[in-house]
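Letter by letter, the chains look like this.
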Amino acid sequence: MGAGALGQVYGAELARGAATISYLVKPRQEREVRGGVSVTRLRRMRSPATASVKPARVYTDPAAVADTDWHSVWLMVDSTALTGPWLRSLGGSVGDSTIVALDQNLADRPVLAAVWPESQLVALSVADLAWSAPLGTERPERITYYRPPGGAAMLAGRPDRVAPLRAVLRDSGVRTRTGRHGTGAAYAALTVPFMAALEIANWSFNALRADTTLASQAAFEALTAVAAERGLSAPPDPRALDRRMRVMMRVLPMLTPFDLEEFMRVHGTKIGSQTRSMLSAWAELGERRMLPVSHLRALAEAMPPAPPKPAHRQNR
């Protein structure tokens, strides 16, 4: 798997369950990851817990992973990273291994299906928030993450592919459940428009709560498009979405054992290009299905230019 924030989190947790972990990283990360990585889990009302993994191998060339028969390959990267020749090179090197990819953007599936058969793919949705701590620093010390109470990894794919993954995660102490492909994308369709609106509000929950109308309407349009594409249930009306998100913005900062507003700023800056890409993709999908998308377009147009990605590892 990759050695970003979520890759380190799930690598360390799977290693705790006796899985053997190897990483595929950029050359500049090789030395650091080869020495092993540690992650810290924040927990409400309890002390933090630390887990570590010393990878069996660290690769920098996707073609080189052909030297091993892999149980599974975990693509723990954002949508914008699924580009370039590296993915096809990896596809030619891992045989029939199960491919686990984050279920975040409907546009990712065709990219993956161009490399692997659909039957080989498993979509993963996670509840974890992970980041390089301390937040927003140029020299982060280690990956830290928070899993909300009851948070579970949701897997969607063929039962014969999903069952072994659930067993490995269960042995690692990670809760799992099964779902339909597209459920994670629907969650993104709900939350990403609000993240976009939060960026417009200069990452202030108070400022966004003053007027959430555009975000709610855009989320409704995105959810409607995703539901139509994947055969999911129709979303609640925009007013219901608005009420739900207002409650979440008021309650979640009080429940999380870290600065949620600062996390959203740092994380949102990191994935700014993906946020803009997803807003455009949902609008295009809605237009193809003759659905209203005016609020999605307006939200995208109101966003400032995407900031450059920070050079150091950040968060999910």
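Model, not experiment: these values are computed from the prediction.

Colleague: Explain helix 10 (residues 260-270) to me, please; I cannot follow it from the model alone.
Modeller: Given 3.6 residues to a turn, an α-helix orients residues that are three or four positions apart in the same direction. L260, F263, M264, V266, H267, G268 and T269 are the residues of helix 10 that are buried. On its buried face, helix 10 sits against strand 8 (129-133), helix 6 (183-200), helix 7 (205-209), helix 9 (238-255) and helix 11 (272-288).

Colleague: Even after reading the chapter, I still don't get the packing of aromatic side chains, so can you show me in this structure?
Modeller: Aromatic ring pairs are defined here through the distance separating the ring centres and the angle between the ring planes. All told, the structure shown has 6 aromatic pairs when counted by the stated rule. Aromatic side chains F258 and F263 sit 6.0 Å apart centroid to centroid with 75 degrees between the ring planes, which places their arrangement in the edge-to-face category. F258 sits in the buried class, given a relative accessible area of 12%. According to the relative accessible area criterion, F263 is buried, its value standing at 0%. An aromatic cluster is present here, built from W131, Y146, F258 and F263 joined pairwise through their rings.

Colleague: Is there a simple way to explain the sheet that holds strand 2 (residues 37-43) in this structure?
Modeller: Across a sheet, strands are paired by hydrogen bonds formed along the backbone, either parallel or antiparallel in direction. Strand order in the open sheet formed by 4 strands is 3-2-9-8, with mixed pairing between adjacent strands. With one partner strand each, in any of the chains shown, strand 3 (46-53) and strand 8 form the two edges of the open sheet. Direction aside, the axes of adjacent strands within the sheet are offset by 25 degrees on average. Sheet analysis places strand 2 next to strand 9 (residues 142-146), joined by 4 bridges and oriented parallel.

Colleague: Sorry if this is basic, but what is going on with the pairing of strand 10 (residues 153-156) here?
Modeller: Sheet faces and side chains relate simply in a regular strand, where the side chains alternate between the two faces. Here strand 10 shows two buried faces, one formed by A153 and L155 and the other by M154 and A156. The pairing of strand 7 (residues 121-125) with strand 10 spans 3 bridges and is antiparallel. Paired with S125 across the strands is M154, a residue of strand 10. Bridging between strand 10 and strand 11 (residues 176-178) involves 3 bridges; their strand directions are parallel. Along strand 11, the bridge assignment pairs A153 with T176. Where the polypeptide runs from strand 10 across helix 5 (residues 159-171) and back to strand 11, its parallel neighbour, the crossover connection is right-handed.

Colleague: What is the right way to look at the sheet that holds strand 11 in this model?
Modeller: The strand order across the open sheet formed by 5 strands is 5-6-7-10-11, and the pairing between neighbours is mixed. Of all the strands in the sheet, just strand 5 (72-75) and strand 11 have a single pairing partner and so form its edges. Going across the sheet, the axis of each strand differs from the next one's by a mean of 25 degrees, ignoring polarity. In the packing of helix 5 onto the sheet, contacts are made with strand 5, strand 6 (98-102), strand 7, strand 10 and strand 11, and the angle to strand 10 comes to roughly 160 degrees.

Colleague: Is there a simple way to think about the confidence of the model for the protein in this case?
Modeller: If pLDDT is low for a region, its predicted coordinates should not be looked at in detail. Residues with a pLDDT of 70 or more make up 95% of the protein, whose mean pLDDT is 90. When mean pLDDT is taken per element in the protein, helix 12 (residues 294-302) scores highest with 97 and strand 8 scores lowest with 89. Scored below 50 in pLDDT, residues 312-316 shows 34 contacts in the model against residues more than four places distant or in partner chains.

Cut-offs used in this document
Residues numbered from 1 in each chain as written. Predicted model: local features only at pLDDT ≥ 70, side-chain atom pairs only at ≥ 80, totals over all residues. Heavy atoms only, no water. Buried < 20%, exposed > 50% of the residue type's maximum accessible area, 1.4 Å probe, protein only. Helix = DSSP H or I, 4+ residues; strand = E, 2+ residues; numbered from the N terminus. Contact = heavy atoms within 4.5 Å. Phe/Tyr/Trp six-rings, centres within 6.5 Å; stacked < 30°, edge-to-face > 60°. Pairing = 2+ DSSP bridges. Axes fitted to C-alpha atoms, helices over the stretch in contact; angles between N-to-C directions. Right-handed = clockwise from strand over helix to strand, strands pointing away. pLDDT = per-residue confidence, 0-100.

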